[in-house]
Amino acid sequence: MTPTTLRIATRKSALALWQAEHVAGLLRAAHPGLRVELVPLSTRGDEILDKPLATIGGKGLFLKELEVAMLEGCADLAVHSLKDVPAELEAGFTLPAILPRADAADAFVSNDYAELNALPRGARVGTSSLRRQAQLRAMRPDLELLDLRGNVGTRLQKLDSGHYEAILLACAGLERLGLHDRIRSRLAAPDWLPAPGQAAIAIEARIDQIEVLEALAVLDDADTRLAVTAERAMNHLLGGSCTVPVGAWCTVTEHGLHLRGMVGDVSSGRLLLAEAAGEGDDPVKLGHDVAQALFAQGASALLSR
């Protein structure tokens, strides 16, 4: 039996609200007559903008308040960017739906330069992602890499104010906000790896809310779930979070799954790369196989830093 009303806990940023409204629209279309309401909340990850995520507790800071709202009965579900969701959820929660993935590439954004290789020596590039920093260091060790926190609008404003020659953002976020024209070029797989789960929207709910889970399941995309499950399994075995530079890209074909993974070092630009193919019925094993291949190359030493 479908509930008559569903309340979506969401962060207050423009991108988070877009994603929540998108899910609300899909739910109304899937369940005619269903009432869907948004419950905007502020999280610690949104409030602490003067420090890198890695030093204040990681990406889970974007989830805690939303999970509390669900536990207290103030919301029935939460909508997240999957790349912000820890590989292991808090007890009592599950992801009943993962939406079809959008463009998982990173965006090179600059007012004066068309692509990464066009930047002059010593140019300032803004990103707080250690994954992006490691890959930048590998490709352009001459650049000055600077932290950049805040929502999409804040980051673009800092670029436009002259603090950086370029910044890196997710293509999917810019496109969802109608800012596609800010993308000067794409940094994409297989040469440049996104974060595990990047560009996929995930819906989180309490595992004991059976009717809610059933209402949400209709939105789940099977191929996206397979791909991101492999990526997240790799990340989990590596102990990955925003405190380590880990990238992953899994594709689904008629022959099964193919996963490419990366562990990097921000200071040296050293990148460890591994890939493997597997059957579509065991994405977790595929993720673990690639993680083990990275460990065999010395990933533990990079991750321990």
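Please refer to the structure placed before this passage.
Figured I'd write up the structure that's included with this text. (Residues numbered from 1 in each chain as written. Predicted model: local features only at pLDDT ≥ 70, side-chain atom pairs only at ≥ 80, totals over all residues. Heavy atoms only, no water.)

**A few points about the pattern of salt bridges**
Point 1. Under the definition given, this model contains 15 salt bridges.
Point 2. With a closest N to O distance of 3.0 Å, Arg7 and Asp76 form a salt bridge. Within this pair, whereas Arg7 is found in strand β1 (residues 5-11), its partner Asp76 is found in the loop between α4 (64-71) and β3 (77-81), the two being separated by 69 residues in sequence.
Point 3. Here Arg7 falls in the partly exposed class, since its relative accessible area comes to 24%.
Point 4. As a salt-bridge pair, Asp160 and Arg182 come within 2.8 Å of each other at their nearest N and O atoms. Of this pair, Asp160 sits in helix α6 (residues 152-160) while Arg182 sits in the loop between α7 (171-176) and β9 (185-187), and the two are 22 residues apart along the sequence.
Point 5. Since its relative accessible area comes to 43%, Asp160 is described here as partly exposed.
Point 6. Residues participating in the shared-partner salt-bridge network are Arg11, Lys83 and Asp84. (Salt bridge = Lys/Arg side-chain N within 4 Å of Asp/Glu carboxyl O. Helix = DSSP H or I, 4+ residues; strand = E, 2+ residues; numbered from the N terminus. Buried < 20%, exposed > 50% of the residue type's maximum accessible area, 1.4 Å probe, protein only.)

**Things to note about the nonpolar core**
Point 1. By size, the foremost hydrophobic cluster in this structure holds 21 residues, and its most contacted members are Met234, Leu238, Leu259, Val263 and Leu294.
Point 2. For this core, the elements supplying multiple residues, two or more each, are α9 (222-238), β11 (246-253), β12 (256-264), β13 (271-278), α10 (283-296) and α11 (299-303).
Point 3. Not counting residues within four places of it along the chain, the set of residues in contact with Leu259 comprises Ala230, Glu231, Met234, Ala248, Trp249, Cys250, Ala274, Glu275, Ala276, Leu286, Gly287 and Val290.
Point 4. Counting residues in hydrophobic clusters, the runner-up holds 20 residues, among them Leu6, Val36, Ile201 and Leu219. (Core = buried A, V, L, I, M, F, W, Y, C linked by side-chain atoms within 4.5 Å. Contact = heavy atoms within 4.5 Å.)

**Let's talk about the sheet that holds strand β5 (residues 106-109)**
Strand pairs in the sheet, formed through backbone hydrogen bonds, run parallel or antiparallel to each other.
Point 1. What the 5 strands build is an open sheet, ordered β7-β6-β8-β5-β9; its pairing is mixed. The two strands at the open ends of the sheet, each matched to only one other strand, are β7 (144-146) and β9. Adjacent strand axes in the sheet meet at a mean angle of 30° when their direction is disregarded.
Point 2. The sheet contact formed by β5 and strand β8 (residues 166-170) spans 4 bridges and is antiparallel. Considered in β8, the bridge of Phe108 is made with Leu168.
Point 3. Helix-sheet contacts for helix α5 (residues 130-139) involve β5, β6 (124-126), β7 and β8, and the interaxial angle to β8 is about 130°. (Pairing = 2+ DSSP bridges. Axes fitted to C-alpha atoms, helices over the stretch in contact; angles between N-to-C directions.)

**So, the pairing of strand β2 (residues 35-41)**
Point 1. As paired elements, β1 and β2 share 7 bridges and run parallel to each other. Residue pairing for β2: Ile8 is matched across the bridge by Leu38.
Point 2. Of the crossover connections in this fold, the one passing from β1 over helix α1 (residues 14-30) to the parallel β2 is right-handed. (Right-handed = clockwise from strand over helix to strand, strands pointing away.)

**A word on the environment of Gly92**
Point 1. In this fold, Gly92 is placed in the loop between β3 and β4 (93-98).
Point 2. Taking the relative accessible area as the measure of exposure, Gly92 reaches 37% and is therefore partly exposed.
Point 3. Taking the C-alpha atoms as reference points, Gly92 and Ala277, 185 residues apart in sequence, are found 32 Å from one another.

**Concerning the sheet that holds β11**
Point 1. Spatial strand order, β11-β12-β13: 3 strands in an open sheet with antiparallel pairing. Every other strand in the sheet has two partners, leaving β11 and β13 as the edge strands with one partner each. The average angle at which neighbouring strand axes cross in this sheet is 10°, direction not considered.
Point 2. Two elements, β11 and β12, share 8 bridges in a ladder whose sense is antiparallel. Looking at β12, one finds that Val252 is bridged to Leu257.

**With respect to unusual backbone geometry**
Point 1. Omega for the bond connecting Ala189 with Pro190 falls within 30 degrees of zero, at 10°, which places this linkage in the cis form.
Point 2. Within the secondary structure, Pro190 is located in the loop between β9 and β10 (201-206).
Point 3. Positive phi, close to 80°, is recorded for Ala199, a residue that is not glycine.
Point 4. Here Ala199 is to be found in the loop between β9 and β10.

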